[in-house]
Amino acid sequence: MNNNLLQIKIKQRLNKLASLDYDNLECWQIAEAFNKAQLEWTRRQLYSINVRKEGSEQSSGLIDDLQKLMKVSLLTMINKEIYYKSDKLPDDYLHYVRTDVFAQQECCPERRMTVYEVEESNISIILNDKNKQPNFEWAETVSTRINNSVRIYTNNEFDISKCYLVYYRKPLEVQFAGCVNIKTGFPFTKDQECEFPDDVAEVLADNAAMILAGDIESVTQYQRDQQNVQTNS
């Protein structure tokens, strides 16, 4: 859906037919509302806060809607003796999927590890439990996330050679060429269109109109758009 059509659809959801009541909305206000809408919609799908009560990858429909947001990133790992710590998570990181870890010992070639994500509060118990602690022979280890980084535990038994983070990224923010960037105060030089397919963009346009209707205290439009969003989320 191109940006001109997107703006028309959002204004249409707000205006009484042919009244042009809300045609004085600034383009940056529309962009801000739409970007907020698509981030909220994405979080609802990831965390099962939708009509179907389904989270990511729980249905083929959600896989279709969210697959373009799934991403793989190679993390730089630093040896901290009992664990390897990654650098900061990517700036576009939104939701964890898994980590793919490859480990090695001096005597043995590199192998893929099975990684179980655990609670940071239970690490001391896990590392002291022979049945749960990291084990190169069984190709199993545990990981946690803390301070915007990933920790892969080794218990000083092996080295981490590679670590890939699989995650859902944030949707690309829509931007309108010539419209002011509220983060920098300068106008955008090029368009960034909605990356979702048109059927999802329609729902996001309703969500953005609902946000704007709430901002301008337009109760009727808010309720109508809210119903559309809830029905189609």
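Along each chain, numbering runs from 1 in the same order as the chain's sequence is written. Per-residue local features of the predicted model are confined to residues with pLDDT of at least 70, and side-chain atom pairs are confined, for both listing and counting, to 80 or more; whole-chain, interface and lining totals are unaffected and use all residues. Hydrogens and waters are ignored; side-chain quantities use all the structure's heavy atoms.

Further remarks concern the pairing of strand 6 (residues 140-146). Pairing between two strands requires that DSSP report at least two bridges joining them. Only DSSP runs of H or I with at least four residues qualify as helices, and only runs of E with at least two residues qualify as strands; both kinds are numbered from the N terminus onward. As defined by bridge partners, strand 5 (residues 108-117) adjoins strand 6 across 4 bridges and the pair is classed as parallel. Bridge pairing in strand 6 links Glu117 to Ser143. Bridge count between strand 6 and strand 7 (residues 149-153): 4 bridges; the pairing is antiparallel. Opposite Ile146, over in strand 7, you have Ser149 as the bridge partner.

With that settled, consider the state of the cysteines. The criterion for a disulfide is a pair of cysteine sulfur atoms lying within 2.5 Å. A complete count under the given rule lists 1 disulfide for this structure. Here Cys27 is linked by a disulfide to Cys179, with a sulfur-sulfur distance of 2.2 Å. As the torsion about the S-S bond is roughly 105°, the Cys27-Cys179 disulfide counts as right-handed. Taken together, the residues span a long stretch of sequence, with Cys27 in helix 2 (residues 27-46) and Cys179 in the loop between strand 8 (159-169) and helix 5 (198-215) at a distance of 152 residues. Each residue gets one of three labels from its accessible area relative to the maximum for its type: buried under 20%, exposed over 50%, partly exposed in between, using a 1.4 Å probe on protein chains only. Judged by relative accessible area, which is 26%, Cys27 ranks as partly exposed.

Below, the discussion takes up the sheet that holds strand 6. One open sheet holds the 8 strands; their spatial order is 1-8-4-5-6-7-3-2, and the pairing between them is mixed. Every interior strand has two partners, whereas the edge strands, strand 1 (70-74) and strand 2 (77-79), have only one. Neighbour-to-neighbour, the strand axes of the sheet open up by a mean angle of 30°, direction not taken into account. In this analysis, two residues are considered to be in contact whenever any of their non-hydrogen atoms come within 4.5 Å of each other. Note on geometry: axes are C-alpha line fits, over the in-contact stretch for helices, and angles between N-to-C directions span 0 to 180 degrees. The strands touched by helix 2 within the sheet are strand 4 (93-105) and strand 8, with strand 4 carrying the most contacts at an inclination of about 60°.

What follows covers the packing of aromatic side chains. Aromatic rings from Phe, Tyr and Trp, with only the six-membered ring used for Trp, were paired whenever their centres fell within 6.5 Å, and each pair was classed as stacked if the ring planes differed by under 30 degrees, edge-to-face if by over 60, and tilted otherwise. The final tally for this structure, using the stated rule, is 5 aromatic pairs. On the basis of an interplanar angle of 40° and a centroid distance of 5.6 Å, the ring pair of Tyr93 and Tyr167 is categorised as tilted. Of this pair, Tyr93 sits in strand 4 while Tyr167 sits in strand 8, and the two are 74 residues apart along the sequence. A relative accessible area of 15% places Tyr93 in the buried class.

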